[in-house]
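# Topology and contacts: notes
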Amino acid sequence: MSTVMDNFSWLYGKPSCQGRIKVEPEDFVVKENLGFEFAGVGEHFMVKIRKTGENTKYVVNELAKACDVKSRDVSWAGLKDRHAVTEQWLSVHLPGKPDPDLTQFVAEHPGVEVLETARHDKKLRPGDLTGNWFQLTLRELDQPEDVIARLEQVQQLGVPNYFGEQRFGHGGNNVTKARAWGNDEFRVRDKSKRSFYLSAARSWLFNMILSARIEQQNVHTVLDGDLLDVDGDDRDRLVEADVAQWQQAVDNGTACITAPMMGDNALPTSGQAEAFEMAIAEQEPLLLKLIRDNRMRHERRPLLLKPQDMAWQREGDTVTVSFALPAGCFATAVVRELMVELEQQEGHYANSDQ
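Residues numbered from 1 in each chain as written. Predicted model: local features only at pLDDT ≥ 70, side-chain atom pairs only at ≥ 80, totals over all residues. Heavy atoms only, no water.

## A closer look at the overall build of the protein chain
When helices and strands are tallied, the protein chain shows nine helices and 16 strands. In terms of C-alpha radius of gyration, the protein chain reaches 21 Å, essentially the compact-globule figure of 20 Å for 354 residues. Oriented by its inertia axes, the alpha-carbon framework of the protein chain measures out at about 60 × 50 × 45 Å. Of all 354 residues assigned to the protein chain, the portion counted as buried reaches 51%. For the protein chain, contacts bridging at least 24 residues in sequence account for 81% of all contacts bridging at least 6. Taken as two groups, the 41 positive and 55 negative side-chain charges of the protein chain have centres that lie 7 Å from each other. (Helix = DSSP H or I, 4+ residues; strand = E, 2+ residues; numbered from the N terminus. Rg over C-alpha atoms; globule rule 2.2 N^0.38 Å. Buried < 20%, exposed > 50% of the residue type's maximum accessible area, 1.4 Å probe, protein only. Contact = heavy atoms within 4.5 Å. Lys, Arg positive; Asp, Glu negative; His and termini not counted. Charge placed at Lys NZ, Arg CZ, Asp CG, Glu CD.)

## Description of the environment of Ala327
Within the secondary structure, Ala327 is located in the loop between strand E15 (318-326) and helix H9 (331-336). Using a relative accessible area of 31% as the deciding quantity, one classes Ala327 as partly exposed. Between the alpha carbons of Ala327 and Ala77 there is a distance of 9.9 Å; along the sequence they are 250 residues apart.

## Here we look at the confidence of the model for the protein chain
Of all residues in the protein chain, 96% attain a pLDDT of 70 or more, and the chain-wide mean is 94. Note on residues 344-354: pLDDT under 50 across the span, and 51 contacts to partners over four residues away in sequence or across chains. (pLDDT = per-residue confidence, 0-100.)

## Here's the deal with the packing of aromatic side chains
If you walk through the whole model with that rule in mind, you get eleven aromatic pairs. Centre to centre, the rings of Phe38 and Trp89 are 4.7 Å apart; their planes meet at 75 degrees, and the pair counts as edge-to-face. Taken together, the residues Phe38 in the loop between strand E2 (28-33) and strand E3 (44-52) and Trp89 in strand E5 (residues 85-93) connect sequence positions 51 residues apart. Here Trp89 falls in the buried class, since its relative accessible area comes to 9%. Taken together, Phe8, Tyr162, Phe168 and Trp204 form an aromatic cluster joined through their ring pairs. Above the ring of Phe28, the side-chain terminus of Lys22 is found at 4.2 Å from the ring centroid. Above the ring of Trp10, the side-chain terminus of Arg336 is found at 4.2 Å from the ring centroid. (Phe/Tyr/Trp six-rings, centres within 6.5 Å; stacked < 30°, edge-to-face > 60°. Lys NZ or Arg CZ within 6 Å of the ring centre and 35° of its normal.)

## Considerations on unusual backbone geometry
Despite not being glycine, Lys22 has its phi angle at roughly 65 degrees, a positive value. Relative to the helices and strands, Lys22 is located in the loop between strand E1 (18-21) and E2. Exposure remark for Lys22: the relative accessible area of 8% places this residue in the buried category. Positive phi, normally seen in glycine, also occurs at Asp68, with a value near 60 degrees. With respect to the element layout, Asp68 can be found in the loop between helix H1 (56-66) and strand E4 (74-76).

## Observations concerning helix H7 (residues 271-281)
Every buried residue of H7 is listed here: Ala273, Phe276, Glu277, Met278, Ile280 and Ala281. The secondary structure elements touched by the buried residues of H7 are helix H5 (191-215), strand E11 (255-261), helix H8 (285-293) and strand E12 (299-302).

## Section: the nonpolar core
In terms of nonpolar packing, the biggest core is built from 76 residues, with Leu136, Phe168 and Phe323 touching the most fellow members. Sequence-distant contacts of Leu136, that is, excluding residues within four places in its chain, are made with Ile21, Asp27, Phe28, Val319, Thr320, Val321, Phe323, Ala331 and Val335. (Core = buried A, V, L, I, M, F, W, Y, C linked by side-chain atoms within 4.5 Å.)

## Brief notes about the UniProt feature "active site" (unreviewed entry) in the protein chain
Here, UniProt's "active site" (unreviewed entry) annotation points to Asp81. Here Asp81 lies in the loop between E4 and E5. On the basis of relative accessible area, Asp81 is assigned to the buried category, the value being 6%. Side-chain polar atoms of Asp81 contact the side chain of Lys22, separated by 2.8 Å. (UniProt positions renumbered as here; feature names shortened; annotations may be inferred. Polar contact = N/O pair within 3.5 Å; in protein donor to acceptor, adjacent residues only side chain to side chain.)

## Description of the packing of helix H4 (residues 173-182) against H8
Interaxial distance between H4 and H8 falls to 8 Å at its minimum, and their mutual angle equals 70 degrees. For the element pair H4 / H8, the angle class is roughly perpendicular. Contact residues: Val175, Ala178, Arg179, Trp181 and Gly182 in H4; Leu286, Leu287, Lys289 and Leu290 in H8. (Axes fitted to C-alpha atoms, helices over the stretch in contact; angles between N-to-C directions. Parallel < 35°, antiparallel > 145°, perpendicular 65-115°, else oblique.)

## With respect to helix H3 (residues 144-157)
The first and last C-alpha atoms of H3 sit 20 Å apart over 14 residues, in line with the 20 Å expected at 1.5 Å per residue. The complete set of buried residues in H3 reads Pro144, Asp146, Val147, Ile148, Arg150, Leu151 and Val154. Turning to H3, the residues buried within the fold contact strand E7 (131-139), strand E8 (159-160), strand E14 (308-315) and E15. At the C-terminal side of H3, Gly158 shows a positive phi close to 85 degrees. (Expected span 1.5 Å × (residues − 1).)

Here it is in structure tokens:
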């Protein structure tokens, strides 16, 4: 089935294996990792839930009712997909109030379990997580041996760190709207829509640049003027000399090449890398105009994503794979390199910052 992601290259070539994912919600398990401990005291009531077949915002609204607060008083670190089994923390602002009894809430919502509760001195905000752990079950694979071979490649070399299809909306609608907005065809006043369209614009340009580096076979190759994310270094390093030395750092995994999340300021790359990035980005002048008009600040993102703690097992035509990803990275970027989905339904995806 053709999707908007077919615009972008595969690192190991388009998979020949076809199969299905999310036949059941249990085929896509996500467990959130906040990466910090709670204070044990404070005006925020923390609730860890496991939900099946429910989206985060619905649960937030229902939890707010159960706690007798407004929906805006309940927050989260990341939205999680509906068509999955997901575990995450929610925070409820309850200053000066005791912990609420959630027995009735659980009884009325069979798709939601309360796993733990705690108190903390700060509310959860979007992005307040280290990452997520995934367990995915790939079914009805017509070439499961090919999936296993690709898993071995992914474990060694990683996958393209693409933004997934859900970032771009159904059929790429968010990108289409972003272009129209950039062309001054309409104004966007709604904050959530502005965020969706701007995010889609920047993510699309990043994917284009990453795809072009794959096509030109330099996704693993340091270019003169590249900006590298170096382990243990708080700032990115510009490659202005000693390209061979930096190439060795990339090869041994102590540094990674980055690409731009475009902004209104000049690219921090130089020379060959800067020329390459701008040549690709300028293919989308309306998206660039939109980003600049809205004064977005430039950021960087690694080209490649290496899943951690990978493990898998095969039973006949079914392969179950587990791995951990940092916040902001998409499990579908991994699945995309393994198989072509036979059947795809809108919304049936999850990413690690959702």
